[in-house]
Amino acid sequence: MFEDNLREILDKYDYPLDEKKIANQPVFPRDSSKLLILDRQTGKIEDHHFYELVDFLSDQDVLVLNETKVFPARLLGKKQSGGKVELLLIKQISLDTFEAISKPGLKMGQRLFFPRRSFLESDGSLCADIDFSDFLQAEVIFRDENSAKVQVKFNQNGISLLREIDLCGFTPLPPYIKPTQSEEKIKEEYQTVYAKEEGSAAAPTAGLHFTEELLDKLKQKGVQIEKITLHVGLGTFAKLTSENLASKTLHSEYYEISKEVADRLNVAKKSGKRIISVGTTTTRSLESAVLLSVSKKELSAVAKETNIFIDPPYQFNFVDGLITNFHLPKSSLLMLVSAFCTNPNTKQEFSYFLSSNIGQAYLHALQNDYRFFSFGDAMLIQ
């Protein structure tokens, strides 16, 4: 019964997608990507390029960016028994311990060995005759009986551990991307130009379109630019479950908004400026922080985790505009943009994605050769 209900709800957020529309690499320069502009009140659609964003913003707008930085969270190595193992690091728990997803499943107490990338063949296999005692090691100290989640304790800690992970790890690209670039090139491309706070297992991809030159032009025009942090977890790619729908919560992600930034954003909001969120991660952060206030109108300074699930008919309390990429069918991110474009945020009631303004914008994008998902094109919803 619960599964039938889940399927019925998810079917409302489906759309036809040809896999050829999925971008496997970004365009160059970054801001030459396409930009679809959607008026969520009228449904009007315009086709532009991202570098033209400066023409649509003014000194009455505030851009809020997520300055999280992707770290190489995918580790390839072997078990003490000799078998191959892959870890996807999800979250740092302490100076020497991470929560991770393992492939294959692991047992308590198992020791794992991870060589630096330079000791791996081009196909990811291990070079022969390696002395693994010289490389990064980990021990399984907890395993979830119901999933592939584990906790691993490394033989290094603090800064030295993070440096070693940087030498051993690979960029954890979304499963739908089939890259042809080298790891070093991917590390550069799958990162915003303003990335600063390391901790994400995935990029806040709406920000990938910005260049330093475009940011300078926006500042020169008087656009206020503020930065917050939300560390994106691998849960962003997970399929929705009945539990998500029943509890109205998603996977937890750590976010942080400083008092100085919160104060400036509150002043801007009260003065009537548009708060334009760059990406769904920034949106989740801002809407989570404003819900912490009694009035639900003022942003709180915060450093904690959020599991907010935004879907119709959610009332947005702080965000006035959204820059975002094109999202997967039946995903929580598609639900978020659907909520932003329908009642109570516009006059349009939500029934099915394709019958909504945002759904029509997606169909327009499909018919006009827009590129989808993480390395794809962008849209400005206002």
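Above this note sits the structure.
What comes next is a walk through the structure. (Residues numbered from 1 in each chain as written. Predicted model: local features only at pLDDT ≥ 70, side-chain atom pairs only at ≥ 80, totals over all residues. Heavy atoms only, no water.)

In terms of regular secondary structure, the protein chain is built from nine helices and 17 strands. A globule of 382 residues ought to have a C-alpha radius of gyration of about 21 Å, and the protein chain, at 21 Å, matches this closely. Principal axes of the C-alpha set define a box for the protein chain whose edges measure 65 × 55 × 45 Å. Across the 382 residues in the protein chain, those meeting the buried criterion constitute 53%. Considering only contacts within the protein chain whose residues lie at least 6 apart along the sequence, 72% involve residues at least 24 apart. When the accessible surface of the protein chain is totalled, it reaches about 17600 Å², and 49% of it is carbon and sulfur. Charge separation in the protein chain, taken as the distance between the mean sites of 46 positive and 52 negative side-chain charges, equals 2 Å. (Helix = DSSP H or I, 4+ residues; strand = E, 2+ residues; numbered from the N terminus. Rg over C-alpha atoms; globule rule 2.2 N^0.38 Å. Buried < 20%, exposed > 50% of the residue type's maximum accessible area, 1.4 Å probe, protein only. Contact = heavy atoms within 4.5 Å. Areas by Shrake-Rupley, 256 points an atom, 1.4 Å probe, with all protein chains shown as cover. Lys, Arg positive; Asp, Glu negative; His and termini not counted. Charge placed at Lys NZ, Arg CZ, Asp CG, Glu CD.)

Here we come to the packing of aromatic side chains. All told, the structure shown has 17 aromatic pairs when counted by the stated rule. Ring centres of Tyr15 and Phe372 lie 6.2 Å apart, and the angle between their planes is 40°; this geometry places the pair in the tilted category. Linking Tyr15 in the loop between helix H1 (2-11) and strand E1 (34-38) with Phe372 in the loop between helix H9 (357-367) and strand E17 (378-381), this pair joins segments that are 357 residues apart in sequence. By relative accessible area, Tyr15 is classed as buried at 4%. (Phe/Tyr/Trp six-rings, centres within 6.5 Å; stacked < 30°, edge-to-face > 60°.)

Our focus in this paragraph is the pattern of salt bridges. One pass over the full model with this rule turns up 19 salt bridges. As a salt-bridge pair, Glu305 and Lys91 come within 3.3 Å of each other at their nearest N and O atoms. Here the residue Glu305 occupies a position in strand E15 (residues 302-308), and Lys91 occupies one in strand E6 (residues 84-94), the gap between them amounting to 214 residues. The exposure class of Glu305 is partly exposed, given its relative accessible area of 35%. (Salt bridge = Lys/Arg side-chain N within 4 Å of Asp/Glu carboxyl O.)

So, on to the layout of surface pockets. By rolling a water-sized probe across the atoms, one finds the places where empty space is left. Of the voids in this model, the second largest pocket is the one considered here, and its volume is about 290 Å³. What lines the second largest pocket is a set of 15 residues, among which Pro26, Val27, Phe28, Arg30 and Glu189 lie closest to the centre. Here the lining of the second largest pocket gets three residues from one element, more than from any other, and that element is helix H3 (residues 183-189). Its residues assigned to classes, the lining of the second largest pocket comprises five nonpolar, five polar and five charged. (1 Å grid on protein atoms, 1.4 Å probe; cavity = no way out; pocket = protein on both sides within 12 Å on 5 of 7 lines; lining within 4 Å. Points joined across faces, edges and corners; volume = space filled by probe spheres on them. Nonpolar A, V, L, I, M, F, W, Y, C, P; charged D, E, K, R; others polar.)

On to unusual backbone geometry, then. Here the residue pair Lys103 and Pro104 is connected by a cis peptide bond, since its omega of 5° sits within 30 degrees of zero. Residue placement: Pro104 occurs in the loop between strand E7 (97-103) and strand E8 (111-114). Cis geometry marks the peptide bond from Pro312 to Pro313; its omega dihedral reads 5°. Examined against the element boundaries, Pro313 turns out to sit in the loop between E15 and strand E16 (321-325). Although it is not a glycine, Lys296 adopts a positive phi angle of roughly 60°. Looking at where Lys296 falls in the secondary structure, it is placed in the loop between helix H7 (280-290) and E15. You can call Lys296 partly exposed: its relative accessible area is 40%.

Spatial ordering of the closed barrel is given by E5-E6-E7-E10-E9-E8, a layout of six strands whose pairing is antiparallel. When strand polarity is set aside, the average angle formed by the axes of neighbouring strands in this sheet is 45°. Of the pairings in the sheet, the one linking strand E9 (residues 136-143) to strand E10 (residues 149-154) comprises five bridges and is antiparallel in character. In the sheet register, Val140 faces E10, and the bridge partner there is Val152. Sitting on the sheet, helix H2 (residues 158-168) touches strand E5 (74-79), E6, E7, E8, E9 and E10, and the angle it makes with E9 is about 105°. (Pairing = 2+ DSSP bridges. Axes fitted to C-alpha atoms, helices over the stretch in contact; angles between N-to-C directions.)

Within helix H8 (residues 332-340), nine of the nine residues are buried, which leaves it mostly tucked inside the rest of the structure. Burial in H8 covers these residues: Ser332, Leu333, Leu334, Met335, Leu336, Val337, Ser338, Ala339 and Phe340.

Turning our attention to the pairing of E17. Burial along E17 is two-sided: Ala378 and Leu380 and Met379 and Ile381, pointing in opposite directions, are all buried. One ladder, built from four bridges, connects E1 with E17; its direction is parallel. In the sheet register, Leu38 faces E17, and the bridge partner there is Ile381. Sheet topology note: the E16/E17 ladder contains four bridges and is antiparallel. The residue bridging Thr324 from the neighbouring strand is Met379, located in E17.

On the surface, a nonpolar cluster with roughly 280 Å² of combined accessible area is contributed by Met108, Ile141 and Phe142. Within the fold, Phe142 resides in strand E9. Classification of Phe142 as partly exposed rests on a relative accessible area of 41%. (Patch = residues over 30% accessible without salt bridge, like charges linked within 9 Å, V, L, I, M, F, W, Y side chains within 5 Å.)

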